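Examining the three-dimensional arrangement
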Amino acid sequence: MVDAYILIQVRCGAAQQVAAELADVRGVVEAHAVMGPYDVIAFVRVADADEMGDLIMDHMHNLPGVSRTLTCSVIPSTTSLNSTIPSSTEQ
């Protein structure tokens with residue numbers, strides 16, 4: 001299993017549409033429009049590196065509005081999930 005965060009730059013005004021279209025792509029676990037130097041961040045989980053390449057090259061790069069991607073592969077056994085994130089009023 002290969003996990004990665006894909007940082008995606010899109011043309012102006014396309015972030016919401018790209019994130020919504022990514023939700024239907026096999027292997028995409030989550031996709032969010034975000035603020036910052038990248039417009040969409042997707043978390044993907046696929047079987048192997050070949051499938052990752054297919055996902056990025058055949059699907060993400062062909063979505064209308066996508067101009068650039070940056071793939072950040074997750075290092076196995078370093079994943080940490082914290083389900084209790086304090087709100088700003090709890091600090």
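Residues numbered from 1 in each chain as written. Predicted model: local features only at pLDDT ≥ 70, side-chain atom pairs only at ≥ 80, totals over all residues. Heavy atoms only, no water.

**Thoughts on the overall build of the protein chain**
When you go through the protein chain residue by residue, the secondary structure sums to two helices and four strands. Reading the secondary structure of the protein chain in the N-to-C direction produces β-α-β-β-α-β. Looking at the protein chain as a whole, 32% of its 91 residues qualify as buried. Put simply, of all contacts in the protein chain between residues at least 6 apart along the chain, 66% involve residues at least 24 apart. With the model as given, the accessible surface of the protein chain reaches about 6300 Å², and the carbon-plus-sulfur share is 54%. (Helix = DSSP H or I, 4+ residues; strand = E, 2+ residues; numbered from the N terminus. Buried < 20%, exposed > 50% of the residue type's maximum accessible area, 1.4 Å probe, protein only. Contact = heavy atoms within 4.5 Å. Areas by Shrake-Rupley, 256 points an atom, 1.4 Å probe, with all protein chains shown as cover.)

**Considering the confidence of the model for the protein chain**
Of the residues in the protein chain, 85% reach a pLDDT of 70 or more, and the chain-wide mean stands at 90. The secondary structure element of the protein chain with the lowest average pLDDT is helix H2 (residues 49-59), at 95, and the one with the highest is strand S3 (residues 40-46), at 98. (pLDDT = per-residue confidence, 0-100.)

**Let's talk about H2**
For H2, every residue scored as buried is listed here: Glu51, Met52, Leu55 and Ile56. Buried residues along H2 cover an arc of 130° about the axis, so they all sit on one side. Exposed residues on H2 whose side chains face more than 90 degrees from its buried face are Ala49, Asp50 and Met57. The inward-facing, buried residues of H2 contact strand S1 (2-10), strand S2 (28-33), S3 and strand S4 (66-73). Sitting at the head of H2, Asp48 places a side-chain oxygen 3.2 Å from the backbone nitrogen of Asp50. (Arc of directions from axis to C-beta. Polar contact = N/O pair within 3.5 Å; in protein donor to acceptor, adjacent residues only side chain to side chain.)

**What to know about the sheet that holds S3**
Across the sheet, four strands lie side by side as S2-S3-S1-S4; this open sheet has antiparallel pairing. Both edges of this open sheet fall to S2 and S4, since each of them pairs with a single strand only. In this sheet, neighbouring strand axes are inclined to one another by 20° on average, regardless of whether the strands run parallel or antiparallel. Relative to S3, S1 runs antiparallel, the two sharing seven bridges. (Pairing = 2+ DSSP bridges. Axes fitted to C-alpha atoms, helices over the stretch in contact; angles between N-to-C directions.)

**Brief notes about the packing of aromatic side chains**
The tally for this structure, following the rule as stated, stands at one aromatic pair. Seen in terms of ring centroids, Tyr5 and Phe43 are 4.9 Å apart; in terms of plane orientation they differ by 50°. Their pairing is tilted. Taken as a pair, Tyr5 in strand S1 and Phe43 in strand S3 lie far apart in primary sequence, 38 residues in all. (Phe/Tyr/Trp six-rings, centres within 6.5 Å; stacked < 30°, edge-to-face > 60°.)

**What about the side chain of Glu51?**
Residue position: Glu51 is located in helix H2. For Glu51, a relative accessible area of 19% gives the class buried. Look past the residues within four positions of Glu51 in its chain and what remains in contact with it is Arg26 and Val46.

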